[in-house]
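Chain by chain, the residues:
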Amino acid sequence: MNRFFTEVPTNIPYEGTASRDPLAFRYFNPEQVVNGKTMEEHLRFSVAYWHTFKGSGQDPFGGASFDRPWNRFSSDMDIAKATCEATFEFVTKLGVRYYCFHDRDLAPEGQTFSESCKNLEAMVALAKTFQEQTGVKLLWGTANLFGHPRYTHGAGTNPDVHVFAYAAAQIKHAIAATHELNGENYVFWGGREGYDTLLNTDMNKEARQMARLFHMAVDYAAKIGFTGQFLIEPKPKEPTKHQYDYDAATVLNFLQTYDLSDHFKLNIEANHATLAGHSFAHELTVASDAGKLGSMDINRGDLLLGWDTDQFPTDLYDTVYAMLVVLRQGGLGSGGLNFDAKPKRGSIGTEDLFYAHIGGMDTFARALLIADQIISDGLISDFVAKRYHSWSEKTGKEILAGNASFEKMEAYINKHGEPVLQSGRQEYLENVINSYI
Ligand code: XLS
Ligand code: NI
Ligand code: NI
């Protein structure tokens, strides 16, 4: 395949840190073994159809700035086919094993629902052929339930049951498409599931509606034998003022309340974490501690901008903290690291797509090496273990086992008096991290 990215004639090679070639990896060496697994096994990167191939550079102040060769066709289906070919050419040259899509990225919406379904079926067949030809796999599929005007007031949480039914029917086909392409996961991001004003909103009803939609999805997956992992992707705002899947803790609570915990994990996105006022590592930790960290959308926001800028992840600190969480939980299982990231409006070239992904992959590869070293040296974990050591002694154990009471605590204090204040050593620990970077 060499039709759309002719400026990159072959695969992107690994050349090591001495290389100054912008079209080579300096850290990502797929075969390199890190703690018993290859880098490629640790870092199951995925390219996002919507940003990389459908992204136009458009922003609220201006239209498309990217002129992509795969868009230069007259019919929607011809554009879709060319885009699909471009996807597999790009992913293969980059040396990534996975991609992700929304149903409406892969195939255009038709005049009627059944025409949309036919378009999707035709494109799934084409994608399947390309998957077989290249060995590239589908990390996850999802349904776009936010782009079309019918979803203006939400999909699953819509006040009109007619729209709910449309969304359910659309998800049915998106899950079937993901299944047909052996997708390893299926993602729910609640695009317009939220509200703009409480004056017209019944939050309680909308939550119950959403739960029913998820239960239907679970039932349908079981019926067709789709065993991929269901993932919910939290986001606090944008497009609505208040998105219901605000953050990891909110989603975990929702899953428990509506008896859905067994069927879902979370897909944590870096820029969504920061929009919620959390760090990426915080959200990953909340999900991981609950045994629910399934996958990641990797990108970053801009400290000075309050929206989802979806920039490529090049901040080494952020990625190191993220990889510490991932390694400590023993990897992401069927999940991966999906580049939910777009080049800036001014980065108009197709070669910019390569620079962007190479930079992100190298940053995560470097972070993997650093995090692995931090964990194996044990300086941080030893400090944390020491900090909590009293909890593994007699009284601590009794409390955690539920065998303590306020009276016992009072007796403890009467016997031991005032506790000795210990240092949290934050600056020392930050220095330790810097000594690895
Ligand atoms: C938008 C979301 C979206 C999901 C997939 O902010 O990140 O791209 O990942 O629907
Ligand atoms: Ni995302
Ligand atoms: Ni996002």
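For the structure, see preceding data.
Residues numbered from 1 in each chain as written. Chains lettered and ligands numbered in written order. Predicted model: local features only at pLDDT ≥ 70, side-chain atom pairs only at ≥ 80, totals over all residues. Heavy atoms only, no water.

Draft legend 1. Layout of the pattern of salt bridges. Scanning the entire structure with this criterion turns up 12 salt bridges. Two residues, Lys93 and Glu89, come together in a salt bridge whose shortest N-O distance is 2.9 Å. Of the two residues, Lys93 and Glu89 are both situated in helix H3 (residues 76-94); the distance of four residues between them amounts to about one turn of the helix. Relative accessible area serves as the criterion here: at 0%, Glu89 is assigned to the buried category. Notably, a salt bridge pairs Asp308 with Lys235, separated by 2.9 Å at the nearest N-O pair. A residue pair is termed long-range when its members are at least 10 positions apart, and Asp308 in the loop between strand E11 (293-298) and helix H11 (316-328) and Lys235 in the loop between strand E8 (229-232) and strand E9 (242-243) qualify at 73 residues. Judged by its relative accessible area of 4%, Lys235 is buried. (Salt bridge = Lys/Arg side-chain N within 4 Å of Asp/Glu carboxyl O. Helix = DSSP H or I, 4+ residues; strand = E, 2+ residues; numbered from the N terminus. Buried < 20%, exposed > 50% of the residue type's maximum accessible area, 1.4 Å probe, protein only.)

Draft legend 2. Region of interest: the sheet that holds E11. Read around the closed barrel, eight strands run E3-E4-E5-E6-E8-E10-E11-E12, paired in parallel fashion. With direction set aside, neighbouring strand axes in the sheet form an average angle of 30°. The sheet contacts of helix H8 (residues 248-257) involve E8 and strand E10 (264-269), and relative to E10 the element is tilted by about 165°. (Pairing = 2+ DSSP bridges. Axes fitted to C-alpha atoms, helices over the stretch in contact; angles between N-to-C directions. Contact = heavy atoms within 4.5 Å.)

Draft legend 3. Main features of the packing of H11 against helix H12 (residues 350-377). Packing of H11 against H12 leaves a shortest axis separation of 8 Å and a crossing angle of 55°. Considering the angle they form, H11 stands oblique to H12. In terms of crossing hand, the pair formed by H11 and H12 is right-handed. Between H11, through Leu316, Thr319, Val320, Ala322, Met323, Leu324, Leu327 and Arg328, and H12, the contact on the second element is made entirely by Thr363, Phe364, Arg366, Ala367, Leu368, Ile370, Ala371, Asp372, Ile374 and Ile375. (Parallel < 35°, antiparallel > 145°, perpendicular 65-115°, else oblique. Left-handed = near helix turned anticlockwise from the far one by under 90°.)

Remember that the coordinates give geometry; whether it matters functionally is a separate question.
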